[in-house]
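# A closer look at the structure
The primary structure of each chain is shown beneath.
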Amino acid sequence: MNNIPKEVGLTKMTKKSFLIFCALVSFLFSGCQSEHIKGFIVFGKWDGVYVAKKDDPFVLNFILLSDSPLTNVTSIDFPEIAHTIDDMQYDLIEGDKYKDFQLFNIAVNLHLKEVSSTTISKITLIFDQKYKETFPIGHIKLVVSEKGIFTPQNEYVTAYPNTQFFQAKLKNISEHTIQIKRVTVENSFLQIKDVKINDKSEKQIVEANETINIYFTLAEKSEQKADFYIVTPKIEYELAGKASSTYIDPVFYGVTTLTSEKLDDILKKN
């Protein structure tokens with residue numbers, strides 16, 4: 001060993017260092033590749049309760065911004081409810097450009113197995129059938145319910161631009177006279193007020209097959225809000241002295257008007 005020239009030892013050490021350096025660069029490059037494949041992605045956050053009739057799908061939309069085209073997204077998943085999903089179809093729809101980002105919409109039709117309710121707060125994107133990344137999407141409660149006693153009439157609005165108000169014409173399709181006690185929503189960040197039924201207070205007697213007009217205003221709770229809302233009003237009523245409740249069809253708020261202010265808020269939160 002002592003007879004080895006210093007230049008040779010230095011050369012061997014340099015080669016060894018070079019190999020280590022190459023391995024490190026290869027590792028970092030592969031890591032950067034996977035990150036580059038996924039890119040920067042941010043989802044708008046939901047707050048809502050979606051009630052579907054038995055055997056009907058949950059029809060959901062997820063808005064996201066990405067700095068890459070997402071052509072390598074091969075599937076999606078909801079990890080919190082994967083074991084309860086009976087069937088799911090989705091479309092990844094490309095929207096407009098915004099600054100350095102591309103706007104996307106994931107439209108989902110989701111059938112659940114025999115469960116009464118469950119909650120989703122995350123979505124997983126699978127890239128090239130290999131890489132996975134999970135993103136927060138807010139909080140959506142999914143409820144499977146029996147057929148309600150009120151059915152929407154005429155032009156039931158299912159999408160409002162802003163969380164300002166709700167109004168609808170509903171028909172009591174039961175064979176019973178009921179007394180409405182209260183109208184509520186179960187959203188975490190929304191509250192309602194000024195509830196009117198036929199322009200009167202919410203406590204009203206509704207005859208069988210009678211049609212009513214319902215109206216209330218919505219307000220976001222201070223310092224707490226989401227980007228988008230699903231509002232499914234709940235009517236609490238009394239029938240023959242027994243308390244019960246029924247849901248109205250879900251309504252979406254904020255999806256139809258994606259302003260620059262809203263998109264900036266989505267980006268700022270991440």
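The notes below deal with the structure included here. Given the structure is predicted, the values throughout are model-derived calculations rather than measurements.

Spatial ordering of the open sheet is given by 1-3-6-5, a layout of four strands whose pairing is antiparallel. In the strand order of this sheet, the two ends are held by strand 1 (41–43) and strand 5 (85–98), each with one partner. Averaged over all neighbouring strand pairs, the angle between strand axes comes to 25 degrees, with direction disregarded. Both strand 1 and strand 3 (residues 58–66) contribute to a ladder of three bridges, which runs antiparallel. Within strand 3, the residue paired with Phe43 across the bridge is Leu64. Against the sheet, helix 2 (residues 260–268) makes contact with strand 1, strand 3, strand 5 and strand 6 (101–112), and its axis sits at roughly 115 degrees relative to strand 5, the strand it touches most.

Here we take up helix 2. Listed as buried for helix 2 are Lys262, Leu263, Ile266 and Leu267. The buried residues of helix 2 occupy an angular sector of 140 degrees when projected down its axis, which confines them to one face. Exposed side of helix 2, more than 90 degrees from the buried face: Glu261 and Lys268 are the residues found there. Where helix 2 is buried, its residues touch strand 1, strand 3, strand 5, strand 6 and strand 16 (228–231).

Another point: the nonpolar core. Formed by 40 residues in total, the largest nonpolar core has its most connected members in Phe43, Phe62, Phe78 and Leu142. In terms of residues, this core owes the most to one element, strand 6, which gives seven residues. Core analysis: the next-biggest nonpolar cluster, separate from the first, contains 27 residues, Leu170, Ile197, Ile235 and Tyr253 among them.

In terms of burial, strand 2 (residues 46–53) is largely enclosed, as seven of its eight residues are buried. Of the pairings in the sheet, the one linking strand 2 to strand 16 comprises three bridges and is parallel in character. Looking across to strand 16, one finds that Gly48 is bridged to Ile230.

Overall, mixed pairing links the seven strands, which are arranged 4-7-8-2-16-19-10 in an open sheet. The two strands at the open ends of the sheet, each matched to only one other strand, are strand 4 (73–77) and strand 10 (159–160). Of the strand pairs in this sheet, strand 16 and strand 19 (residues 251–253) are connected by three bridges, and their pairing is antiparallel. Residue pairing in the sheet places Tyr229 in a bridge with Tyr253 of strand 19.

With that settled, consider the packing of aromatic side chains. What characterises a pair of aromatic rings is the spacing of the ring centres plus the angle enclosed by the ring planes. On inspection of all chains with the given rule, the structure shows twelve aromatic pairs. Taken together, a centroid distance of 6.2 Å and an interplanar angle of 25 degrees make the contact between Phe165 and Tyr215 stacked. Placement of Phe165 in strand 11 (residues 165–172) and of Tyr215 in strand 15 (residues 211–220) is noted, with a sequence separation of 50 residues between them. Using a relative accessible area of 26% as the deciding quantity, one classes Phe165 as partly exposed. When its relative accessible area of 31% is taken as the criterion, Tyr215 is described as partly exposed.

In this section: the side chain of Asn172. With respect to the helices and strands, Asn172 occurs in strand 11. Only 3.0 Å separates the side chain of Asn172 from the backbone oxygen of His176, close enough to count as a polar contact. Contact partners of Asn172, with chain neighbours within four places excluded, come to Ile149, Phe150, Ile178, Val206, Glu207, Ala208, Asn209 and Glu210.

About the criteria used
Residues numbered from 1 in each chain as written. Predicted model: local features only at pLDDT ≥ 70, side-chain atom pairs only at ≥ 80, totals over all residues. Heavy atoms only, no water. Pairing = 2+ DSSP bridges. Helix = DSSP H or I, 4+ residues; strand = E, 2+ residues; numbered from the N terminus. Axes fitted to C-alpha atoms, helices over the stretch in contact; angles between N-to-C directions. Contact = heavy atoms within 4.5 Å. Buried < 20%, exposed > 50% of the residue type's maximum accessible area, 1.4 Å probe, protein only. Arc of directions from axis to C-beta. Core = buried A, V, L, I, M, F, W, Y, C linked by side-chain atoms within 4.5 Å. Phe/Tyr/Trp six-rings, centres within 6.5 Å; stacked < 30°, edge-to-face > 60°. Polar contact = N/O pair within 3.5 Å; in protein donor to acceptor, adjacent residues only side chain to side chain.

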